[in-house]
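Structural overview for review
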Amino acid sequence: MSTYRQRLKEVVAARGNLCVGIDPHANLLSSWGMPLTASGLETYCRTIVDALGETVAVFKPQAAFFEVYGSAGMAVLERVLADIRAAGALSIVDAKRGDIGSTMEAYAEAYLGKDSPLAGDAVTLSPYLGFGSLMPAFERAVAFDKGVYVLARTSNPEGGQVQLALGRGGSVAQEVVDAAKELNTRARTRAIGLVVGGTHGSLGIDVSDFNGSILVPGIGAQGGRMEDLPGLFGAAFDNVLPMVGRGILQAGPDAEALRRRVSTFLAE
Ligand SMILES: O=C(O)c1cc(=O)[nH]c(=O)n1[C@@H]1O[C@H](COP(=O)(O)O)[C@@H](O)[C@H]1O
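For the chain, the name recorded in an unreviewed UniProt entry is Orotidine 5'-phosphate decarboxylase, with Propioniciclava sinopodophylli as its organism. UniProt's Pathway (unreviewed entry) comment on the chain is quoted here verbatim: "Pyrimidine metabolism; UMP biosynthesis via de novo pathway; UMP from orotate: step 2/2." Entered under Sequence similarities (unreviewed entry) in the UniProt record, the comment concerning the chain runs "Belongs to the OMP decarboxylase family. Type 2 subfamily."

Given below as structure tokens:
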């Protein structure tokens, strides 16, 4: 199998550079006329993948919204990941996992394991128990041609309290960026990516020579704008994967309306 970065490059070249969030908010299910049950959740997700699966490059299902429905919800997540794969798109499971190394082994197996039903093409990780504690996930990503996205500078206004605090070599977020870059270089991989929100006037970190994919949430409903990304990311813009959830989903459930909204974001 080709590496995550190669697959990402190919699908983005063919379909355009956009990641669509599959965030089954209760208010969206209700406004789409779907019940707040596991079966409503499945219809909602299927509607998105049926409408956009063959045109959008990457989908990011948010695990929390599936956990709400217990084991039935997690079974839906497994099927949605299979549907995304069948449509020829890539998936990033947004689980934001991070734990002490020994427990991280199990999270890594669940979300990056070779044959795990919950494994997509990539997973989001939180480094705030220490970047090195994520090593079991990094190892599996490299071994199984998957990707990881490590939270560096998140889109929410509260994030700066921790991420912009001064660590040993600049801000905590900058340490995460530098550690991820160093690991990509050392392991001769591009599997380690970053999450950097697109909601900030300036990033407050330097990602200009980062050597992996940069997932950029916060576009649309949180106020970030596609047209600001080249200025915000400068030399790193080629590595940016913009991500939109509600900004697109609010156009549903009509398939044509969803596709039009995707085209608008891609054109911007
Ligand atoms: O890791 C993420 O995906 C993430 C990081 C971040 O800094 N900000 C952020 O909004 N997200 C996720 O990105 C999605 C944003 O959705 P919308 O605000 O609806 O576009 C949600 O699933 C968030 O959990």
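There's plenty left to go through after this.
**Some details on the pairing of strand S3 (residues 90-97)**
Burial analysis of S3 places 7 of its 8 residues in the buried class, the great majority of the element. Between S3 and its parallel partner strand S4 (residues 122-125), the chain crosses via helix H6 (residues 101-112), and the hand of that crossover is right-handed.

**Concerning the packing of aromatic side chains**
Remark: the centre distance and the inter-plane angle together describe each pair of aromatic rings, the angle taken between the planes. Tallied over the entire structure, the rule returns 3 aromatic pairs. For the pair Tyr4 and Tyr149, a centre-to-centre distance of 6.1 Å together with 90° between the ring planes defines the contact as edge-to-face. With a gap of 145 residues between them, Tyr4 in helix H1 (residues 4-15) and Tyr149 in strand S5 (residues 147-153) connect regions that are remote in the sequence. Of the residues examined, Tyr4 reaches a relative accessible area of 3% and is grouped as buried. Tyr149 gets classed as buried once you look at its relative accessible area, which sits at 1%.

**Comments concerning the sheet that holds strand S9 (residues 214-219)**
Around the barrel, which closes on itself, the 8 strands sit in the order S1-S2-S3-S4-S5-S8-S9-S10 with parallel pairing between neighbours. Within this sheet the neighbouring strands show an average axis-to-axis angle of 30°, counted without direction. Relative to strand S2 (residues 58-61), strand S1 (residues 19-22) is paired through 4 bridges, and the arrangement is parallel. When the bridges of S2 are listed, Ile22 appears paired with Pro61.

**Observations regarding the UniProt feature "active site" (unreviewed entry) in the chain**
If you check UniProt for "active site" (unreviewed entry), the listed places come out as Lys96 in our numbering. Among the secondary structure elements, Lys96 is positioned in strand S3. Looking at Lys96, the relative accessible area reads 38%, which means it is partly exposed. What Lys96 contacts, discounting residues up to four positions off in sequence, is Gln62, Thr124, Leu125, Ser126 and Leu151. Here the side chain of Lys96 touches Asp94 through a polar contact of 2.9 Å, side chain to side chain.

**Comments concerning the pattern of salt bridges**
Considering all chains together, one arrives at 14 salt bridges under this definition. Across the salt bridge formed by Arg46 and Asp83, the nearest N and O atoms sit 2.7 Å from each other. With Arg46 in helix H3 (residues 38-52) and Asp83 in helix H5 (residues 70-86), this pair connects stretches of sequence that are 37 residues apart. On the basis of relative accessibility, which here comes to 23%, the residue Asp83 falls in the partly exposed class. Notably, a salt bridge pairs Arg259 with Glu256, separated by 3.2 Å at the nearest N-O pair.

**Remarks on the site of the ligand**
Every one of the 17 residues lining the ligand counts as a neighbour, but Asp23, Ser155, Gln222, Gly245 and Arg246 are closest to it. One of the side-chain N or O atoms of Asp23 is found 2.5 Å from an oxygen atom in the ligand. Ser155 has a polar side-chain atom sitting 2.6 Å from a nitrogen atom of the ligand. Isolated, the ligand exposes 510 Å² of accessible area, and the fraction of that covered by the protein chains is 90%. Every element with two or more residues in the shell around the ligand is listed here: S3, S9 and strand S10 (240-244). Classifying every residue of the shell around the ligand gives 6 nonpolar, 6 polar and 5 charged.

**As for the side chain of Ser155**
Examined against the element boundaries, Ser155 turns out to sit in the loop between S5 and helix H8 (160-163). There is a polar contact of 2.7 Å between the side chain of Ser155 and the side chain of Gln222. If we skip the residues at most four places from it in the chain, Ser155 touches Gly197, Thr199, His200, Pro217, Gly218 and Gln222.

Reading the values: rules and limits
Residues numbered from 1 in each chain as written. Predicted model: local features only at pLDDT ≥ 70, side-chain atom pairs only at ≥ 80, totals over all residues. Heavy atoms only, no water. UniProt positions renumbered as here; feature names shortened; annotations may be inferred. Buried < 20%, exposed > 50% of the residue type's maximum accessible area, 1.4 Å probe, protein only. Helix = DSSP H or I, 4+ residues; strand = E, 2+ residues; numbered from the N terminus. Right-handed = clockwise from strand over helix to strand, strands pointing away. Phe/Tyr/Trp six-rings, centres within 6.5 Å; stacked < 30°, edge-to-face > 60°. Pairing = 2+ DSSP bridges. Axes fitted to C-alpha atoms, helices over the stretch in contact; angles between N-to-C directions. Contact = heavy atoms within 4.5 Å. Polar contact = N/O pair within 3.5 Å; in protein donor to acceptor, adjacent residues only side chain to side chain. Salt bridge = Lys/Arg side-chain N within 4 Å of Asp/Glu carboxyl O. Near = heavy atom within 4 Å. Areas by Shrake-Rupley, 256 points an atom, 1.4 Å probe, with all protein chains shown as cover. Nonpolar A, V, L, I, M, F, W, Y, C, P; charged D, E, K, R; others polar.

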